[in-house]
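# Descriptive structure summary
Chain by chain, the residues:
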Amino acid sequence: MDYEKSRKNMVETQLSSRGISDKRVLEVMGKVPRHLFVEEALISQAYNDHPLPIGQKQTISQPYIVALMTQALMLKEDDRVLEIGTGSGYQTAILAELADKVYSIERIRELSQKARKILDELGYFNVLYKVGDGSKGWKEYAPFDAIIATAGAPDVPQPLVDQLEMDGRLVVPVGDRYSQELIVVERIKEGIRKTNLGGCRFVDLVGEYAWDE
Ligand code: SAM
């Protein structure tokens, strides 16, 4: 299979054509080998327009959703980013390409370890990993320029808002357990500003400031 061609096709037909316009985001989505982050049996579907199972009842998000959330973070090269839900590590790689440092939290140890192994092999050494409840954020390293939660919460977790730097951006799916809206929270001088990027469907964010198990 020609993975480079599949990526190029994915960028053109699933991202650019649907309004993803940030050049840096399109460039890294065309570069990061998504097929290495999915189970071997699903490799032929790695660049398809849908999420895929990654074990432990979790998923790697659809390419379009990864691009949409990343674009909303408006990352700069010297940004420090908190990611909640390492999952397969694919989104982590995208963030590690675009920012200075990524702090990634995953509640399922096996997923965190597997993701770390792939990311280490690919040479992403600007990532710090933690196994635990990301709904509480990562106080030790706060504040962050950008925060992304890749699992759905009933409300915006307050600790994540509190751990945003001035002018920082937080992207989080908020709703019930079946469907959510993609919410962007920006910390501005006057307080916070919320924008809704539209409907989405994620697995549960499970934790103290999210859903019960
Ligand atoms: N971004 C991932 C990727 O590219 O593969 C997809 C993540 S998957 C949709 C959501 C992940 O969030 C799951 O791996 C799940 O275990 C994790 N998760 C759920 N609640 C969490 C929490 N409170 N803290 C950290 N991770 C959590």
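The structure reproduced in this document is the subject of the present report. Computed from a predicted structure; not experimentally measured.

## Here we look at the packing of aromatic side chains
- Per the counting criterion, the structure on display carries 6 aromatic pairs.
- Judged by centre distance (5.8 Å) and plane angle (65°), the rings of F37 and Y90 are edge-to-face. Linking F37 in the loop between α2 (23-29) and β1 (52-55) with Y90 in helix α4 (residues 90-98), this pair joins segments that are 53 residues apart in sequence. There is no split in this pair, since F37 and Y90 are both buried.
- Put simply, the rings of Y103, W138, Y141 and F144 pair up and form one aromatic cluster.
- Against the face of Y64 rests R18, its NZ or CZ located 5.3 Å from the ring centre.

## As for the packing of helix α3 (residues 63-73) against α4
- Interaxial distance between α3 and α4 falls to 11 Å at its minimum, and their mutual angle equals 35°. As for the relative orientation of α3 and α4, their crossing is right-handed in sense. Seen from α3, the contacting residues are V66, T70 and L73; seen from α4, they are Y90, Q91, I94, L95 and L98.

## Looking at α4
- α4 sits mainly inside the fold: 8 of its 9 residues count as buried.
- Turning to α4, its buried residues number three or more, namely Y90, Q91, T92, A93, I94, L95, A96 and L98.

## Concerning the nonpolar core
- The biggest cluster of nonpolar side chains holds 50 residues, and the ones touching the most others in it are L15, I20, M29, F37, Y90 and I94.
- Non-local contacts of Y90, meaning those with residues more than four positions away in its chain, are made with M10, M29, V32, R34, F37, I60 and V66.
- In this structure, Y103, V161, V172 and L205 belong to the second largest nonpolar core, which totals 21 residues.

## Concerning the pattern of salt bridges
- Tallied over the entire structure, the rule returns 11 salt bridges.
- Among the ionic pairs, K8 bridges to E12, the shortest N-O distance being 3.5 Å. Taken together, the residues K8 and E12, both in helix α1 (residues 3-15) and 4 residues apart, mark about one turn of the helix.
- Owing to a relative accessible area of 54%, K8 belongs among the exposed residues under this scheme.
- For the salt bridge of D79 with R169, the shortest nitrogen-to-oxygen distance reads 3.0 Å. Note that D79 is positioned in the loop between α3 and β3 (80-84) and R169 in strand β7 (residues 164-175), a separation of 90 residues in sequence. Summarising the burial analysis for this pair, D79 and R169 share the class buried.
- What emerges from the salt-bridge pattern is a single network uniting K76, D79 and R169.

Cut-off values and rules
Residues numbered from 1 in each chain as written. Predicted model: local features only at pLDDT ≥ 70, side-chain atom pairs only at ≥ 80, totals over all residues. Heavy atoms only, no water. Phe/Tyr/Trp six-rings, centres within 6.5 Å; stacked < 30°, edge-to-face > 60°. Helix = DSSP H or I, 4+ residues; strand = E, 2+ residues; numbered from the N terminus. Buried < 20%, exposed > 50% of the residue type's maximum accessible area, 1.4 Å probe, protein only. Lys NZ or Arg CZ within 6 Å of the ring centre and 35° of its normal. Axes fitted to C-alpha atoms, helices over the stretch in contact; angles between N-to-C directions. Left-handed = near helix turned anticlockwise from the far one by under 90°. Contact = heavy atoms within 4.5 Å. Core = buried A, V, L, I, M, F, W, Y, C linked by side-chain atoms within 4.5 Å. Salt bridge = Lys/Arg side-chain N within 4 Å of Asp/Glu carboxyl O.

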